[in-house]
Amino acid sequence: MFQICTQKKTILSVEDIISLIGNKCDGVIGQLTEDWGETLFSALSRAGGKAFSNMAVGYNNVDVNAANKYGVAVGNTPGVLTETTAELAASLSLSAARRIVEADNFMRAGLYDGWLPHLFVGNLLKGQTVGVIGAGRIGSAYARMMVEGFKMNLIYYDLYQATRLEKFVTAYGQFLKANGEQPVTWKRASSMEEVLREADVISLHPILDKTTYHLINKERLAMMKKEAILVNCSRGPVIHEVALVEHLKANPMFRVGLDVFEDEPYMKPGLADMKNAIVVPHIASASKWTREGMATLAALNVLGKIKGYPVWSDTNRVEPFLDEKSRPPAACPSIVNSKSLGLPVSKL
Ligand SMILES: NC(=O)c1ccc[n+]([C@@H]2O[C@H](COP(=O)([O-])OP(=O)(O)OC[C@H]3O[C@@H](n4cnc5c(N)ncnc54)[C@H](O)[C@@H]3O)[C@@H](O)[C@H]2O)c1
Ligand SMILES: O=C(O)[C@H](O)CO
């Protein structure tokens, strides 16, 4: 039996969740605003539960070691957010480049007196360099959108080579050249600093862990071009937000598009006043298809674990779980600690 939390509050506290778990609970679907660690996993274990899923692909709010201690499977929802999130990152890139929000406010304030040569002049993207830090699922999808959509050249930094992305850009460059146009190029940077120095637009798509916490700090902001655009649809703490506010104040031509914030739901003091910042409330995965898909994958993670299903073998191929016309595979779509728990892998 699935109990849906019907509490009016939108963000549940640890105490709220403990009272909802009660004395008997087989599994929980949670969200990224919840602190899943020793306290909650011990409560779930005491209630007989062995299954949890975040309704998110990111799971930095989950202490997986604590889950392992209590033998609780931790699910997440990869793949179903990729294009939706990349499209918002592209939207923020374009909105920042062409100062859309400033211009909209200008019109609504009745300040428009007619066309002028210098009115809201912004950045042309064609032929410029787009930088991606974290070229995984979403970072690669964003890179492809910016390269193919705006003929930008790519520089990326990741711990792993993004071979498919490189092949895509190479092929698209060959297509352009064959048609008499300037080919696009790609470059795998040897450091993230190289991306920061060379790119005109930089989008952040790494996971949040101790290696990416405050990845963008005062020193690295100073490395970026004075008129660069920085976009963050990963996690807020990837950027030292206080340093960012200071940088925005000192560099009015530098612009940011932010979907996530260091102390969500709050912004650091001063950020809301910056006209060279576009800020939206963690909506990058907010398309109907994606949010329904996230809920489906999270539910199937928990249900599958309760039913004793094996773990799906390819978390980059979750489409079989999202097809409304057929029953989902008898497997858990994505369990991040499956190896630690020794869970069997599906042969489907
Ligand atoms: N704003 C939103 O609503 C939203 C939506 C979806 C995902 N996200 C965030 O985006 C993250 C990425 O999602 P994904 O599906 O692309 O994950 P992914 O695992 O496919 O990609 C993450 C990439 O980051 C790279 N990486 C890890 N540490 C790094 C480092 N120190 N330097 C550079 N690269 C590093 C990894 O190698 C990987 O390629 C999620 O973990 C989540 O936090 C946010
Ligand atoms: O990590 C995720 O999946 C997102 O932040 C949810 O929108």
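Everything here concerns the structure above.
Residues numbered from 1 in each chain as written. Chains lettered and ligands numbered in written order. Predicted model: local features only at pLDDT ≥ 70, side-chain atom pairs only at ≥ 80, totals over all residues. Heavy atoms only, no water.

Caption draft 1: Geometry of the site of ligand 1. Around ligand 1, the surrounding shell holds 26 residues, and the nearest of these are Arg137, Ile138, Asp158, Cys233 and Asp259. For ligand 1, a nitrogen atom lies 3.1 Å from a polar atom in the side chain of Thr211. Measuring from an oxygen atom of ligand 1, one finds a side-chain N or O atom of Arg235 at 3.3 Å. Of the residues assigned to the shell around ligand 1, the class counts are twelve nonpolar, ten polar and four charged. (Near = heavy atom within 4 Å. Polar contact = N/O pair within 3.5 Å; in protein donor to acceptor, adjacent residues only side chain to side chain. Nonpolar A, V, L, I, M, F, W, Y, C, P; charged D, E, K, R; others polar.)

Caption draft 2: Just the sheet that holds strand S10 (residues 277-279), in detail. Within the open sheet, the seven strands sit side by side as S6-S5-S4-S7-S8-S9-S10. Their pairing is parallel. Only two strands of the sheet have a single partner each, and these edge strands are strand S6 (186-188) and S10. Taken over all neighbouring pairs, the strand axes of this sheet differ in orientation by 15° on average, direction set aside. Sheet topology note: the strand S4 (residues 129-133)/strand S5 (residues 153-157) ladder contains five bridges and is parallel. Following the sheet pairing, Val132 is matched in S5 by Tyr156. With respect to the sheet, helix H4 (residues 82-97) is in contact with strand S7 (201-204), strand S8 (229-232), strand S9 (255-258) and S10, its orientation differing from that of S8 by roughly 150°. (Pairing = 2+ DSSP bridges. Helix = DSSP H or I, 4+ residues; strand = E, 2+ residues; numbered from the N terminus. Axes fitted to C-alpha atoms, helices over the stretch in contact; angles between N-to-C directions. Contact = heavy atoms within 4.5 Å.)

Caption draft 3: Inspection of the packing of aromatic side chains at higher detail. Inspection of the entire model under this criterion finds seven aromatic pairs. Ring centres of Trp36 and Phe41 lie 5.3 Å apart, and the angle between their planes is 50°; on these two criteria the pair is classed as tilted. For the pair Trp36 and Phe41, a shared accessibility class is recorded, and that class is buried. Among the aromatic side chains, those forming a connected cluster through ring pairs are Trp36, Phe41 and Phe52. Over the ring of Phe168 we find Arg144, and its NZ or CZ is 4.1 Å from the ring centre. (Phe/Tyr/Trp six-rings, centres within 6.5 Å; stacked < 30°, edge-to-face > 60°. Buried < 20%, exposed > 50% of the residue type's maximum accessible area, 1.4 Å probe, protein only. Lys NZ or Arg CZ within 6 Å of the ring centre and 35° of its normal.)

Caption draft 4: Region of the structure containing the sheet that holds strand S1 (residues 27-30). Spatially, three strands are ordered S1-S2-S3 in an open sheet, and the strand pairing comes out parallel. Of all strands in the sheet, those bounded by a partner on one side alone are S1 and strand S3 (73-75). Neighbouring strand axes in the sheet, compared pairwise and without regard to direction, differ in orientation by 15° on average. As paired elements, strand S2 (residues 51-54) and S3 share three bridges and run parallel to each other. Bridging across to S3, Ser53 finds its partner in Gly75. Running over the sheet, helix H11 (residues 288-306) touches S1, S2 and S3 and is turned about 170° from S2.

Caption draft 5: Representation of the site of ligand 2 in the model. In the neighbourhood of ligand 2, the contacting residues comprise Leu32, Ala56, Val57, Gly58, Leu81, Arg235, His282, Ser285 and Met294. In the environment of ligand 2, an oxygen atom lies 2.7 Å from a nitrogen or oxygen atom belonging to the backbone of Val57. Here Ser285 contributes a side-chain N or O atom positioned 2.6 Å from an oxygen atom of ligand 2. When ligand 2 sits alone it has 230 Å² of accessible area, and the protein chains cover 90% of it. Across the shell around ligand 2, the residue classes tally to five nonpolar, three polar and one charged. (Areas by Shrake-Rupley, 256 points an atom, 1.4 Å probe, with all protein chains shown as cover.)

Caption draft 6: Local environment of the pattern of salt bridges. Across all of its chains, the model carries 13 salt bridges by this definition. We note a salt bridge from Lys249 to Glu246, for which the minimum N-O separation is 3.6 Å. With Lys249 and Glu246 both in helix H10 (residues 241-250), this residue pair falls three residues apart, about one helical turn. Measuring nitrogen to oxygen at the nearest pair gives 3.8 Å for the salt bridge that ties Arg317 to Asp314. (Salt bridge = Lys/Arg side-chain N within 4 Å of Asp/Glu carboxyl O.)

Caption draft 7: Main features of the nonpolar core. Tyr142 and Leu154 are the most contacted members of the largest nonpolar core, which totals 34 residues. Put simply, the parts of the chain that give this core at least two residues each are H4, S4, helix H6 (137-150), S5, helix H7 (163-178) and S8. Per-element tally for this core: the top contributor is H4, with seven residues. Beyond its immediate stretch of four places on either side in the chain, Tyr142 contacts Ala86, Ala89, Ala90, Ser93, Val130, Val132, Val201, Ser203 and His205. Counting residues in each nonpolar core, the second largest holds 30 residues, with Ala189, Leu221, Val238 and Leu244 among its members. (Core = buried A, V, L, I, M, F, W, Y, C linked by side-chain atoms within 4.5 Å.)

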